[in-house]
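Each chain, letter by letter, is given below.
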Amino acid sequence: MLKIGIIGVGNIAQHHLASYKKNPNCEIYAFCDINEQRLREMGEKYGVTRLYTSKEEMFAECPELDAVSVCTWNCAHAECSIAALNAGKHVICEKPMAMNAKQAIEMQKAAEKNNKLLMIGFVRRFGKDCTVLKDFVDAGDFGDIYYAKTTYLRRAGSPGGWFGNKSLSGGGPLIDLGVHVIDLARYIAGRPMPVSAFGATFKKLGDRKDIKKEKGYVASSTGGAEIFDVEDMATALVRFDNGIVLSVEASFSLNIKKDVGTIEIFGTKAGANLSPELEIFNDRNGYLTNVSFNQSTALSFDGLFESEINHFVDCVISGGECKAPAEDGVILMKILDAIYESAETGHEVII
Ligand SMILES: NC(=O)c1ccc[n+]([C@@H]2O[C@H](COP(=O)([O-])OP(=O)(O)OC[C@H]3O[C@@H](n4cnc5c(N)ncnc54)[C@H](O)[C@@H]3O)[C@@H](O)[C@H]2O)c1
């Protein structure tokens, strides 16, 4: 039975917890959060009595902990993951891996030095839609993939709280939302290495607090200072070593009709659109054909976290190959760093 600790018992930690609870090989053992009130409430909710406001204290008093989920604000991912790895724990760290590539590399080194698993919460890799599409890509149905188009656009969807505070989040929609779709497209395309990026970021609409919303995205996280100093929209083109070019657009605020999230990939033999259900576009016997599925290929948020956490637990127990390793987190942070640098300089950045 693995003893599990959670650092940062906010919103996303609840998805980790629900998944650990269902896993017969896990015992939810200790919580750490700098917010004492939330720590107590979550302790009561999950029947956990080992509650700490300091991770160092948690590691000192619970040497028997096997693994931890790091679910804090982005600014604490590196510090908390490194402390856990140095205390001899396996770690799953939420996305984005860190604030920048420098921190991500330090985390990867800590995992290697301590010979512990550091998995990154690239949860979209665990979606059924991704699995099915990847099966078709791996079977060669797409031929050479040369272009991927990804969007994660919200019309008025700033998550609020610390997400808008650059010193706590590292950035806006690019590092928060773009990270999901860039990673997914790269993963589906066979994990090519990035070589350059050209990006632009905008601070035009801010967090649109004045909008009277009846439906649509509702801000969920409210901790941290109420500052909004991140970009509200970002766009970029990323070039990979195998010739693939990826375009990404991400926003918290944008004058668009409705929120959209798309992952499209284009190859010499077929193209695909991942949402809301997977569709494949190809040609047969001189006719343009569209392939649809006789089973659901839609994304299910709950199923995602369960598969992700089950995989983490399996990797810890069996030492098997991790589907979302630290090295991919480092590569993603290098891409994000390059896009932000390009947005500042106005030039393409070599990665
Ligand atoms: N995989 C996904 O789809 C997904 C979705 C939402 C959020 N996230 C990620 O999860 C992380 C947390 O987001 P959230 O929405 O749960 O935020 P949240 O504000 O609801 O929770 C974060 C918690 O971390 C605590 N915390 C901050 N710094 C800490 C530290 N140094 N030590 C201990 N506790 C600390 C805060 O007090 C808070 O309770 C972020 O990195 C975010 O990007 C991932």
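Colleague: Explain the sheet that holds strand E7 (residues 145-153) to me, please; I cannot follow it from the model alone.
Modeller: Each strand in a sheet pairs with its neighbour through backbone hydrogen bonds, running either in the same direction (parallel) or in the opposite one (antiparallel). Ordered in space as E14-E13-E12-E11-E7-E10-E9-E8-E15, the nine strands form an open sheet in which the pairing is mixed. Single-partner strands in this sheet number two, and they are strand E14 (287-291) and strand E15 (349-350). The pairing of strand E8 (residues 194-202) with E15 spans two bridges and is antiparallel. Directly across from Ser 196, in E15, lies its bridge partner Ile 350. Contacts from helix H8 (residues 173-188) reach E7, strand E9 (233-240), strand E10 (245-251) and strand E11 (260-267), with the element oriented near 150° to E10.

Colleague: Honestly, the packing of helix H6 (residues 128-138) against H8 in this entry has me stumped. Any pointers?
Modeller: Packed helix pairs are characterised by how far apart their axes lie and by the angle those axes make with each other. As a packed pair, H6 and H8 sit with axes 10 Å apart at the nearest point and diverge in direction by 35°. Packed against H6, whose contacting residues are Cys 130, Leu 133, Lys 134 and Val 137, the element H8 presents Leu 184, Tyr 187 and Ile 188 at the interface. Residues that form the contact of H6 with H8 fall into these classes: six nonpolar, no polar and one charged.

Colleague: What's the story with H6 in this structure? I'm lost.
Modeller: At 3.6 residues per turn, the α-helix brings residues three or four places apart onto the same side. For H6, the set of buried residues is Asp 129, Cys 130, Val 132, Leu 133, Lys 134 and Val 137. Of the surrounding secondary structure, the elements contacted by the buried residues of H6 are E7, H8, E11 and strand E12 (271-273). Positive backbone phi, at 90°, marks Gly 140, one or two positions downstream of H6.

Colleague: For this particular structure, what's the right way to read unusual backbone geometry?
Modeller: For residues that are not glycine, phi is negative in most cases, and the peptide bond is trans in most cases. Here the bond from Lys 95 into Pro 96 is cis, since omega is -15°, no more than 30 degrees from zero. Here the bond from Ser 275 into Pro 276 is cis, since omega is 0°, no more than 30 degrees from zero. Along the polypeptide, Pro 276 turns up in the loop between E12 and strand E13 (279-284). A positive phi angle, near 55°, is found at Asn 115, a position not held by glycine. Of note, Arg 208 is a non-glycine position whose phi angle comes to about 50°, a positive value. Secondary-structure assignment places Arg 208 in the loop between E8 and E9. Owing to a relative accessible area of 16%, Arg 208 belongs among the buried residues under this scheme.

Colleague: Sorry if this is basic, but what is going on with the pairing of strand E5 (residues 90-94) here?
Modeller: For a regular strand, side chains alternate in direction, first toward one face of the sheet and then toward the other. Burial analysis of E5 places five of its five residues in the buried class, which makes it a mostly covered element. Alternating residues of E5 divide into His 90, Ile 92 and Glu 94 and Val 91 and Cys 93, and every residue in both groups is buried. Examined bridge by bridge, strand E4 (residues 67-70) and E5 share four bridges and lie parallel to one another. Each residue of the ladder has a partner; that of Val 68, found in E5, is Val 91. You can see the chain leave E4, run along helix H4 (residues 77-86) and come back into E5, and the turn it takes is right-handed. For E5 and strand E6 (residues 118-121), the ladder comprises four bridges, and the chain directions are parallel. Bridge assignment links Ile 92 to a residue of E6, and that residue is Met 119. Each parallel crossover has a hand, and the one from E5 via helix H5 (residues 101-114) to E6 is right-handed.

Colleague: Please clarify how the nonpolar core should be interpreted in this entry.
Modeller: Where a protein is soluble and globular, its nonpolar side chains tend to be buried together. Residues Tyr 20, Phe 31 and Leu 118 are the most contacted members of the largest nonpolar core, which totals 100 residues. Take this core: its biggest share by element is ten residues, from helix H10 (residues 326-345). Counting only domains with at least three residues in this core, you end up with domain 1 (2-122 + 305-324) and domain 2 (125-300 + 331-350). Setting aside residues up to four positions removed in sequence, Phe 31 forms contacts with Ile 6, Val 9, Leu 17, Leu 39, Met 42, Gly 43, Tyr 46, Val 48, Arg 50, Leu 51, Tyr 52 and Met 58.

Colleague: Which parts of the structure should I look at to understand the domain arrangement of the protein chain?
Modeller: Many authors give the size of an interface as the accessible area that is lost as the parts come together. Split into domains, the protein chain comes out as domain 1 (2-122 + 305-324) and domain 2 (125-300 + 331-350). A straight line from the C-alpha centre of domain 1 to that of domain 2 covers 26 Å. Listed per partner, the contact involves 20 residues of domain 1 and 22 residues of domain 2. When the two sides are added together, the surface that domain 1 and domain 2 hide from each other amounts to roughly 1,900 Å², 63% of it contributed by carbon and sulfur. Ranking the residues of domain 1 by area buried against domain 2 places Trp 73, Phe 122 and Lys 323 at the top, with a combined share of 37%. Linking domain 1 with domain 2 are one salt bridge, by the criterion used here. Linking Lys 95 and Asp 176 is a salt bridge whose minimum nitrogen-to-oxygen distance equals 2.9 Å. Remark: the boundary between domain 1 and domain 2 carries six residue pairs in polar contact (both at pLDDT 80 or more). Elements with a minimum of two residues in the side of domain 1 that touches domain 2: H5 and helix H9 (301-318). Tallied by class, residues from the side of domain 1 that touches domain 2 come to twelve nonpolar, five polar and three charged.

Analysis parameters
Residues numbered from 1 in each chain as written. Predicted model: local features only at pLDDT ≥ 70, side-chain atom pairs only at ≥ 80, totals over all residues. Heavy atoms only, no water. Pairing = 2+ DSSP bridges. Helix = DSSP H or I, 4+ residues; strand = E, 2+ residues; numbered from the N terminus. Contact = heavy atoms within 4.5 Å. Axes fitted to C-alpha atoms, helices over the stretch in contact; angles between N-to-C directions. Nonpolar A, V, L, I, M, F, W, Y, C, P; charged D, E, K, R; others polar. Buried < 20%, exposed > 50% of the residue type's maximum accessible area, 1.4 Å probe, protein only. Right-handed = clockwise from strand over helix to strand, strands pointing away. Core = buried A, V, L, I, M, F, W, Y, C linked by side-chain atoms within 4.5 Å. Domains from an automatic or database assignment. Buried area = accessible area lost by both parts, 1.4 Å probe. Salt bridge = Lys/Arg side-chain N within 4 Å of Asp/Glu carboxyl O. Polar contact = N/O pair within 3.5 Å; in protein donor to acceptor, adjacent residues only side chain to side chain.

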